[in-house]
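Breakdown of the fold
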Amino acid sequence: MEKWQSRSIYNAATWYYHHCQDRMPIVMVTEDEEAIQQYGSETEGVFVISFKSYLDNFWPDLKAAHELCESILQSRRERENESQESHGKEYPEHLPLEVLEAGIKSGRYIQGTLSVNKHRAQIEAFVRLQGASSKDSGLVSDILIHGMKARNRSIHGDVVVVELLPKNEWKGRTTALGENDGEFPSEPMPTGRVVGILQKNWRDYVVTFPSKEEVQSQGKNARKILVIPWDYRIPKIRISTQQAEALQDFRVVVRIDSWESTSMYPSGHFVRVLGRIGDLEGEIATILVENSISVVPFSEAQMCEMPVNTTENPWKVSSEEERERKDLRKTHLVFSIDPRGCEDVDDAFSVRALDNGNLELGVHIADVTHFVASHSYIDIEARTRATTYYLADRRYDMLPSILSADVCSLLGGVDRYAVSIMWELDKTSYEIKEVWYSRTIIRSAYKLFYEAAQKLLDGNVDIVDDIPEFRDLDEKSRQAKLEELLWAIRKLTDIARHIRAKRYQCGALELEGVEVRIQLDEKKNIHDLIPKQPLEVHETVAECMILANHWVAKKIWESFPHQALLRRHPPPHQEFFSELRECAKAKGFFIDTRSNKALADSLDNANDPNDPIVNWLLRSMATQAMSNALYFSTGSCAEEEFHHYGLALDKYTHFTSPIRRYSDIIVHRLLMAAISKDKKMEIKEDLFSNKDLEELCRHINNRNRAAQHSQKQSTELFQCMYFKDKDPETEERCISDGVIYSIRTNGVLVFIPRFGIKGAAYLKNKDGLVISCSPDGHSEWKPGSLQRFQNKITSTTTGGESVTFHLFDHVTVRLSVQASRCHSDTIRLEIISNKPYMMPDTELFQQSSLLLKSDLVKEVTRSVEEAQLAQEVKVNVIEKDYQKYCQTKGRSLYTLLEEIRDLALLDVSNSYGI
C-alpha cells in the first residue's frame, strides 16, 4: 500500500473518532510497519496495530483466525525470501499493462479467457476469444496454448493476452485419450503463448495433501508442501503448514497469493478444513466450493422482509391490490401442470372461448417482485445467488421457502398474485389477434401433475381419482368440471402444436441431452430424479413458456431498447459440427449445418429404424457443438445478434420462473415498467443502466454455469458412490450395453444408455497391450497395435488376430470406479466383449436409463446413513434450518469473516442512489 493511502485511512479513522465525540475507540489495522511506528501513539483513542496484534489483543481465543493469520504471514515471509534468494527465472515476465493494451489495439496481441483441457491439463489449454479480439484477428477458432511454459503462470479462467506463434510452430490438438498416452495431434491450429494477464480469476481451491511418502520426498523443509488441487486444471500450490500429517485424510481449502516468475508453482495459504476424503458431506462441500456456491441460511434481516402465512395469521389478498389488479378468480379456469409433488409452481394456464367466437390463451406467472422489493436485503441475496442450485440429493433455493413454496407458488385452491399474459387467438387458425399484459389475482382450480394431464389428454378419465380437486364432488358436478377441464387441456395442446409447428418451420431445433428433473418430498428431501419422458404435455407446457418469454422479450425491448435483459443463442462455429457430420456419414446420413432449419431437418431424417439410440446420440452431439445461450443487455449488442438459434426466434428472454431465476425477476420489473410507460404512469421500478445490466448478466451467466457444473458433478459423485461398493467381476449391474459414439487414436468414447453415462474405453492399456476378442466376443489384452480410421479403429495382435470397432457399434462394457485420493472418483469403462450385452430396446433406453438414478441416490444415501450410525457419528441433518431451507449452517469463523468481506465489497451506496 502507498504511504498516501495509509495516511488517508489514518486521517479517516481520526475524523471518525472525533465525530463520535472521542467516546468510541477506533482501531486501524495495517501491515505497514512505518505507519504503525508513525501513527501508533499520535492520537489517543485511535489505535494503529498489525492484524496479528489485533487478534492477540481483541480475539485471543479465536484459534481458527490465529491459524489463518499465521498461515498468511508465513506465506508472505517465504515469498519475500524466495524473491531475494532466487535469480533464475522459470517463466518470462509479464508485459506491462500499457504494452498489452496497445498490442491488443494494434492487433499484435489477442485477448481471451484461458480454458485448460482437464484430460491433458499439463499440455493443452485454449484461449477462447473475447469481444473484438475474435473479429479483429480474423480467427475463427480458439488459440492453442501448448505446455506450461507457454501458459506463463496463467490459471484456468484468467483473462489473458496472447501472442500468436509463427505458423511453422503451430501444433494440433491431441486426439488421444488421457494425459499420459502419447501425442497424436490433429491438423495444426493457431498456437500462441501468454504474454500477460489482464484479470486473475483466482478463487478458493479445494486441495489434498500428498501422502507421507510424497511429503518426505519433497525435501527437507517439510513446512513447505505442494498440495494437489481437486480440479485437474489447476497446478499444484505451495503452502506453508505444520498440519500436513494431521490433514492427510481431509479435503482442505487454500487460496493462491502469488505466482512469481522465479517459481515453478504458485504460492498460497491454508484456509479451512472441508471434510474427510470420501465422506458424502465432505465431497458435496467440495463441489460447492469448487463452483463458488454459498449455502448459508437466509439471515434474520432477510426473513424479516418476508410475508407471514400461518394458521393463526393466514396470508390474504389486500384490498389495495384488489383495486389495482385485474381479478380473474371468477372468470377464468386456471390450472397448472408440473412434476408430481412440485412445491414451487411458477406458472399456470387458462384457455376460454370469447363472446366473439375467438379463443383467449393465458399464461400466469407467480408475481415474485411484489414480495421482493428492489434493493431489499432479500433482493441483494437473490441477486448474489442468481439461481436455485439443484444437486443430485438436495437443492439450495434462491428465495426462502415462504415465497418459493408458499405465498408465491401458484398452488391449487388458493388466491395468488400473478403477472399474466393474455392472447386473443383466431378460433380456427390460432393466429394472434391481440395481446395484453397485467398484474392479476388468480385462483388455480387444479394442480395437475404431468402424467395425470397426459392421461386426461389421451382420454383416460380414470386418473381423476388421483386428482384431489375431484374427490369430494358429487357425480353431476364431477362430470361437468371434468368436461370443462378436458376441453381446456385439449385446446391448450392443440394451440401449442400449432405454435410449435410454426417455430419448426423457421428452423427450431429439437436437441437431446441427459436431462433430469429433481422431485422433492414435503420435507424437501429428494423423492426422485425424473428423466425426460416422451409426454406431449411436456412439449405443451414448454411451448406456452416459450411463447410467453418471446412476447415479453418483444415488449420490454420495444419499451427499453438499450436496457432490456434478453437471452441470445449465437449460431455455432461450423468447424464444431465436423465430428457430427462424420459420425452421421458413417451411418449413411447427411447432416446439413448451414442453418438451424437445415440442421433440424437433417436430424429429423437421420433415423435408424433398427437402433433409435443413433438419432439420440446425433442430437446429443449437435447439442455439444452448440454455443451456450447467454443473458445480455440490449444496449451492448447490435439487434442482429439478438437471435436465438436453437428456438428460431428473433427475440427471447426468461420471464416464466422468477421463483428460481434472478434474470426473470429483472424481466418482471422491466415488464411492469413497460406497462406503466404505456399507461403514461410514473415508473416505480428502479431499472439498471445498460452498463450495470451487462455486468449483472455476466454474473448471472457465471452462476448458471456453476449450477450446471455442480449438478453434473453431484450426479457423477452419486454414480461413483453407487458403483464403488459393487464387485465389477460379479455384480450384474456393473455389466451393461454401450454404444461407441467417437473414435480416438488409443480408444473410443462410449455411451451407456442404461445409466446415461458417457466415458472413455481404452483399446490399448498402460503396458502397451491392445484389446483382442475371441470368436465368442470376449476380450483380453495381447501385444499388438492399433490403426485408427475415420469411422472405425482396428486392433491387431502380433499373432495376426484383429478386431474392428465401428461408430455406433453396440459393445458389452464393465463399469467400475477409478478411485482417486486427490480428485473426484470417476467411472471406468472397460470393453469386455465386442458384441451387444442385449439388443437395443427403445423402452429400456427411454425409461430405464435414468430412472435407475433415483434408486442410485436412495441407495447411496441409505448406505451413508448406515455407515454413520455404525460409527455412532451424531449428524443432526434434521435441524430446524435444514428443514426450512434445505441448507446447512456455516460453522467456522472463516465463513463469518467471508460474509463480512462480501458485505463490505457490496457497493450498496450506488444501489440506493446515494
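Residue numbers restart at each chain and count upward from 1, following the sequence in its written direction. Owing to the predicted nature of the model, reporting of local features is limited to residues with pLDDT of at least 70; listing and counting of side-chain atom pairs is limited to 80 or more, with chain, interface and lining totals taken over all residues. To get the side-chain values, all heavy atoms of the structure are used, and hydrogens and water are removed first.

If you look the protein chain up in an unreviewed UniProt entry, it shows as DIS3-like exonuclease 1 from Balaenoptera acutorostrata. UniProt positions are given in the numbering used here, feature names are shortened, and annotations may be inferred rather than shown by experiment. Its UniProt record gives the protein chain a comment under Cofactor (unreviewed entry), which states: "Mg(2+)". What UniProt states about the protein chain under its Catalytic activity (unreviewed entry) heading is, verbatim, "Exonucleolytic cleavage in the 3'- to 5'-direction to yield nucleoside 5'-phosphates."

Quick look at the side chain of Asn596 now. Positionally, Asn596 belongs in helix α18 (residues 596–605). Polar contact criterion, stated in full: a pair of N or O atoms within 3.5 Å, where within protein one must be able to donate a hydrogen and the other to accept it, and residues adjacent in sequence count only if both atoms are side-chain atoms. Polar side-chain contacts of Asn596 include one of 3.0 Å to the backbone oxygen of Tyr645. Only heavy atoms enter the contact rule, under which two residues are in contact if any of them lie within 4.5 Å. If we skip the residues at most four places from it in the chain, Asn596 touches Cys506, Gly507, Leu509, His643, Tyr645 and Ala648. Secondary structure elements follow DSSP: runs of H or I of four or more residues count as helices, runs of E of two or more count as strands, with numbering from the N terminus.

The backbone phi angle of Asp22 is positive, close to 60 degrees, even though this residue is not glycine. Mapped onto the elements of the fold, Asp22 is located in the loop between α1 (3–19) and β1 (26–29).

Centres within 6.5 Å make a pair out of two Phe, Tyr or Trp rings, where for Trp the six-membered ring is used; the pair is then stacked when the planes are under 30 degrees apart, edge-to-face when over 60, and tilted otherwise. Scanning all chains against the criterion turns up 15 aromatic pairs. Aromatic side chains Tyr446 and Phe470 sit 5.2 Å apart centroid to centroid with 15 degrees between the ring planes, which places their arrangement in the stacked category. Pair noted here: Tyr446 is in strand β21 (residues 446–449) and Phe470 is in the loop between α14 (450–457) and α15 (475–505), with a separation of 24 residues, a long-range link. Think of it in three bands: with a 1.4 Å probe and only protein chains considered, a residue is buried below 20% of the maximum accessible area for its type, exposed above 50%, and partly exposed in between. Under the relative-accessibility criterion, Tyr446 is labelled buried at 3%. A ring pair is formed by Trp557 and Phe642, whose centres lie 6.4 Å apart and whose planes are at 85 degrees; its orientation type is edge-to-face. Of this pair, Trp557 sits in helix α16 (residues 536–559) while Phe642 sits in the loop between β25 (630–633) and α20 (662–678), and the two are 85 residues apart along the sequence. In this structure Phe642 comes out as buried when scored by relative accessible area, which is 2%.

Within the secondary structure layout, Arg416 lies in strand β19 (residues 415–425). Classification of Arg416 by relative accessible area gives buried; the value is 5%.

Time to look at α1. In this model, α1 (17 residues) spans 24 Å end to end at C-alpha, consistent with the 24 Å of a helix rising 1.5 Å per residue. Taken together, the buried positions of α1 are occupied by Ser6, Tyr10, Ala13, Thr14 and Tyr17. For α1, the buried positions fall inside an angular range of 100 degrees around the axis, keeping them on one side. Set apart from the buried face of α1 by more than 90 degrees, the exposed residues are Trp15 and His19. Just downstream of α1 lies Gln21, where phi reads positive at about 60 degrees. Helix span is expected to be 1.5 Å times the residue number reduced by one. Relevant arc is that of directions from the helix axis to the C-beta atoms, nothing else.

With mixed pairing, the seven strands of this open sheet are ordered in space as β13-β20-β19-β16-β15-β14-β21. Two strands bound the open sheet, and with one partner strand each, they are β13 (326–327) and β21. Being paired, for any two strands, means DSSP has found at least two bridges between them. As judged from the two bridges shared by strand β14 (residues 334–338) and strand β15 (residues 347–353), these two strands associate in the antiparallel manner. Within the sheet, the bridge partner assigned to Phe335 lies in β15 and is Phe349. For helices, the fitted line uses only the C-alpha atoms of the stretch in contact; every axis is such a line through C-alpha atoms, and the angle between N-to-C directions lies from 0 to 180 degrees. The strands that α16 touches are β14, β15, β16 (359–366), β19 and β20 (432–443); relative to β20, the one it contacts most, it runs at about 105 degrees. The strands touched by α20 within the sheet are β16, β19 and β20, with β20 carrying the most contacts at an inclination of about 110 degrees.

Mapping Ile123 onto the fold places it in the loop between β3 (109–116) and β4 (124–129). Overall, the relative accessible area of 16% leaves Ile123 in the buried class. With 24 residues separating them along the chain, Ile123 and Gly147 place their C-alpha atoms 4.3 Å apart.

All right, on to the nonpolar core then. Among the buried residues, those of types Ala, Val, Leu, Ile, Met, Phe, Trp, Tyr and Cys that are joined through side-chain atoms within 4.5 Å form a nonpolar core. Judged by nonpolar contacts, the single largest core of 99 residues is most densely connected at Phe335, Leu403, Trp423, Leu448, Leu456, Phe655 and Leu671. When sequence neighbours within four positions are dropped, the list of residues in contact with Leu671 reads Val419, Tyr437, Val552, Lys555, Ile556 and Phe655. Formed by 52 residues, the second largest nonpolar core is a distinct cluster that contains Leu603, Ile613, Leu617 and Phe808.

The next subject is the packing of α14 against α15. In contact at an axis separation of 9 Å, α14 and α15 are set at 95 degrees when each is read in the N-to-C sense. Taken together, the axes of α14 and α15 are roughly perpendicular relative to one another. On α15, the residues touching Ala453, Leu456 and Leu457 of α14 are Leu482, Leu485, Leu486, Ile489, Arg490 and Thr493. Under the scheme applied, nonpolar residues are Ala, Val, Leu, Ile, Met, Phe, Trp, Tyr, Cys and Pro; charged residues are Asp, Glu, Lys and Arg; polar residues are all the others, including Gly. Split by residue class, the contact of α14 with α15 holds seven nonpolar, one polar and one charged. Any angle between 65 and 115 degrees counts as roughly perpendicular, while under 35 counts as roughly parallel, over 145 as roughly antiparallel, and the rest as oblique.

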